[in-house]
Structure formats: C-alpha cells, structure tokens
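Structural description and commentary
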Amino acid sequence: MPENMIQAEGLVKIYKSKETEVLALQGLDLTVEEGELTAIIGNSGSGKSTFLNMIGGLDRPSAGSLTVGGKNLFTMTEKQLVLYKRDTVGFVWQNNGRNLVPFLTVLENVMMPMSISGTSKRREKALQLLEMVGMAHKKSSRMNMLSGGEQQRVAIAIALANSPKLLLADEPTGSVDVKTANYIFDIFTELNKSGQTILIVTHDVALSKKVRRVVAIRDGKISSERVLKEAYAERLKETSIDWRKEDTQEEYAIMDKAGRVQIPSDLLESMGLSGNKVKIALQDGKVVISGPDQK
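From a predicted model like this one, the values you see are computed outputs, not experimental measurements. (Residues numbered from 1 in each chain as written. Predicted model: local features only at pLDDT ≥ 70, side-chain atom pairs only at ≥ 80, totals over all residues. Heavy atoms only, no water.)

Across its full length, the protein chain holds 8 helices and 13 strands. For the protein chain, the C-alpha radius of gyration of 21 Å lies close to 19 Å, the compact-globule estimate for 295 residues. Across its three principal axes, the protein chain shows a C-alpha extent of roughly 70 × 50 × 40 Å. Of all 295 residues assigned to the protein chain, the portion counted as buried reaches 46%. By element, 50% of the accessible surface of the protein chain is carried by carbon and sulfur atoms, the whole surface being about 16,100 Å². (Helix = DSSP H or I, 4+ residues; strand = E, 2+ residues; numbered from the N terminus. Rg over C-alpha atoms; globule rule 2.2 N^0.38 Å. Buried < 20%, exposed > 50% of the residue type's maximum accessible area, 1.4 Å probe, protein only. Areas by Shrake-Rupley, 256 points an atom, 1.4 Å probe, with all protein chains shown as cover.)

Let us now look at the nonpolar core. Grouped burial of nonpolar side chains is what soluble globular proteins tend to show. Residues Val110, Leu130, Val154, Ile156, Leu167, Phe188 and Leu191 are the most contacted members of the largest nonpolar core, which totals 41 residues. Elements supplying a minimum of two residues to this core: β3 (37-41), α3 (106-117), α4 (122-132), α5 (148-159), β7 (166-170), α6 (178-193), β8 (197-201) and β9 (213-218). Residues contacting Val110, with those up to four places away along its chain left out, are Ala126, Leu129, Leu130, Val154, Ala157, Ile158 and Ala161. Met76, Val89, Trp93 and Leu168 belong to the second largest nonpolar core, which has 29 residues in total. (Core = buried A, V, L, I, M, F, W, Y, C linked by side-chain atoms within 4.5 Å. Contact = heavy atoms within 4.5 Å.)

On to the environment of Ser17. Examined against the element boundaries, Ser17 turns out to sit in the loop between β1 (4-16) and β2 (21-33). For the pair Ser17 and Leu167, spaced 150 residues apart in the sequence, the C-alpha separation amounts to 32 Å.

Further remarks concern the pattern of salt bridges. Evaluation of the coordinates by the stated rule reveals 10 salt bridges. For the salt bridge of Asp204 with Arg244, the shortest nitrogen-to-oxygen distance reads 3.7 Å. Here Arg244 lies in the loop between β10 (221-228) and β11 (249-253) and Asp204 lies in the loop between β8 and α7 (205-210), a separation of 40 residues in the sequence. Linking Arg213 and Glu225 is a salt bridge whose minimum nitrogen-to-oxygen distance equals 2.9 Å. Within this pair, whereas Arg213 is found in strand β9, its partner Glu225 is found in strand β10, the two being separated by 12 residues in sequence. Exposure remark for Arg213: the relative accessible area of 12% places this residue in the buried category. On the basis of relative accessibility, which here comes to 15%, the residue Glu225 falls in the buried class. When salt bridges that share partners are traced, they join Glu36, Arg213 and Glu225 into one network. (Salt bridge = Lys/Arg side-chain N within 4 Å of Asp/Glu carboxyl O.)

A separate point is the sheet that holds strand β5 (residues 71-72). As a general point, the strands of a sheet are linked pairwise by backbone hydrogen bonds and lie either parallel or antiparallel. Here 4 strands make up an open sheet; going across it, the order is β2-β1-β4-β5 and the pairing antiparallel. Each edge of the open sheet carries a strand with a single partner, namely β2 and β5. Direction of pairing for β1 relative to β2: antiparallel, over a ladder of 10 bridges. By the bridge assignment for β2, Tyr15 is matched with Val22. Here helix α1 (residues 48-55) sits on the sheet and contacts β1, β2 and β4 (63-68); the angle it forms with β1, its principal contact strand, is near 115°. (Pairing = 2+ DSSP bridges. Axes fitted to C-alpha atoms, helices over the stretch in contact; angles between N-to-C directions.)

What follows deals with α3. Looking at α3, one finds that the buried residues are Val106, Leu107, Asn109, Val110, Met111, Pro113 and Met114. Close packing links the buried residues of α3 with α4 and α5. Just past α3, the residue Gly118 takes up positive phi, approximately 80°.

Pairing is mixed in the open sheet, where 7 strands are placed in the order β6-β7-β8-β3-β9-β10-β11. At either margin of the open sheet sits one strand with a lone partner, and together these are β6 (89-92) and β11. Ignoring strand direction, the axes of neighbouring strands in this sheet form an average angle of 20°. Pairing analysis gives 4 bridges linking β3 to β8, with the strands arranged parallel. By the bridge assignment, Ile40 is partnered in β8 with Val201. Packing of α6 onto the sheet brings it into contact with β3, β7 and β8, and relative to β8 it is tilted by some 150°.

Bringing the packing of aromatic side chains into the picture now. For the structure on display, the rule yields 2 aromatic pairs. Seen in terms of ring centroids, Phe91 and Trp93 are 4.1 Å apart; in terms of plane orientation they differ by 5°. Their pairing is stacked. Neither Phe91 nor Trp93 differs from the other in exposure class; each is buried. The residue whose ring lies beneath Lys13 is Tyr15, and the NZ or CZ to ring-centre distance is 5.0 Å. Note that Arg153 overlies the ring of Tyr183, its terminal NZ or CZ placed 4.4 Å from the centroid. (Phe/Tyr/Trp six-rings, centres within 6.5 Å; stacked < 30°, edge-to-face > 60°. Lys NZ or Arg CZ within 6 Å of the ring centre and 35° of its normal.)

Written out as structure tokens, the structure reads:
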C-alpha cells in the first residue's frame, strides 16, 4: 500500500499585523499518497498558495499537524528545514525569475542545486533531465535566449535536480500558450508514471480537468474533490478532446471529522438562501437541504 506523502490535519495559518489578523487556513485536512498527481484549485484568497508554501517549507503553520515525506514540519529546526527544502521538495514557480539564474547557461542552472547538495556526476544527470524535458539542445543557451515555455521546462529540470520526493508546481502553465501547457502537462504525466509525487496549484481549467484528483479549497478548508472518471483515464493525451468543455470528473463534497460539509455557493444562490439557517431531512435514503421557509 502507498505511504502518505502529505498528511495535514486541522491545519491553521494566521497572519498577524499590528492592526489586523487574517485566518488563511481554517482547519484544513488533506492526505496525498506517494505517487499521486494532485491539483489544488481555489479562488484568490482561498488559502491554496499558503498551503503550498507551508508544504514547501517556506512558511510555518500556526496550529494543527503537517507531515511531508515522514517529516514533521512543526518540529523542524532551521537547519533541518534547509535540508528538507533541498532534499525532499522541488519547486516550480509561475514566475521563472524565482527558478532561474539569468547569467548562467541552461546546463549550469540545472547543475547548480546538485553542486549545493554535493551530487556526483552532475553534468551527466543534468543532461538527462534536460533530455527528459526536451531542452538538451539548448544546454548552452542563457535565459534571455529562451521563450517563456522553454524557461518553464528548464525550471522543471531544476526542480528535479536533487531527486525530490515531492514536486510542487505553482501555476506551471499560467504564462504559456495552450500547446506549451499541454507539453508541460505531458512532462508531469510521464514523471508521475515513473512514481514521482506531484502537487499542482492551478487556475488552468483544461489542466485541472486532465488531473486524476482535484482538490478545491474555499475559505481555508477543503470544500470538494473531483476524481477523473474511469472512461477518461486512458484518454489524457487525446488532442481531439476539448478539456474545457468535457465533463471528465466526478465531484464530491468533503465532510470533516465533525460531520460538516461546505455547500457550493452557486447551489446556495440557486436555492435563494440569504441567511445562515437551512432545513435538513432524510428522504428516500438521501439528505435533502432546503430553506427555512420551504416545506
């Protein structure tokens, strides 16, 4: 059975200033198994980027528990956190300036994380990674000679340089065209087939519809999940499908340990609910929710 790569329970993150206090995560629960390719979606301010930053060791949780690759992020010292960010997670940012060093060549950029960790045969491994992302022919180029999509492919090779257990991608297709986005997703798919655990934060509708598991965050909690239908599992590479229009996934509401479920806002609006009270009844084995004045 696969082990849990990410185990978050009751995760809370509070940002404080002199005048305000913002609750970014409100008791988030999520488990991601080794070898999963999972996407996280949510509106701006939903907490998805905060969650990704905490998994990446870039931010500290306020309460709850968070374990990644068997490591407890609450109890790590600063030295342990540095090693964790170097060896356990690899990060692909939407802003390529955070991934790439402009005055180095493509090959030197990929080799740099290996130099820090002391990896042997750095040039050989870097060339293998560049071959995998289709950028070996650009190994001597500098960043200003590459397109945005090419830079993103190099960024993926850099993130994989130290063989991380978990690959994190923050809007990896957010600034590229559809053709390049499809190519990048194909790279993630092939990596996942080889056993790489991948967590993607995305606004890309087409990309999210191709992922086997999609987790939606709303108001700092997991509100729903979508799972790829079996009929589409073997059709991910078909170019004839318009992934923005196809209904490729089954959607499930998430119930927390206290039995609470977040109802999607569009359903509440269609019901005409304006207050915070609803009626709940069991009819023919189904839970039915109605407004307080409905019979």
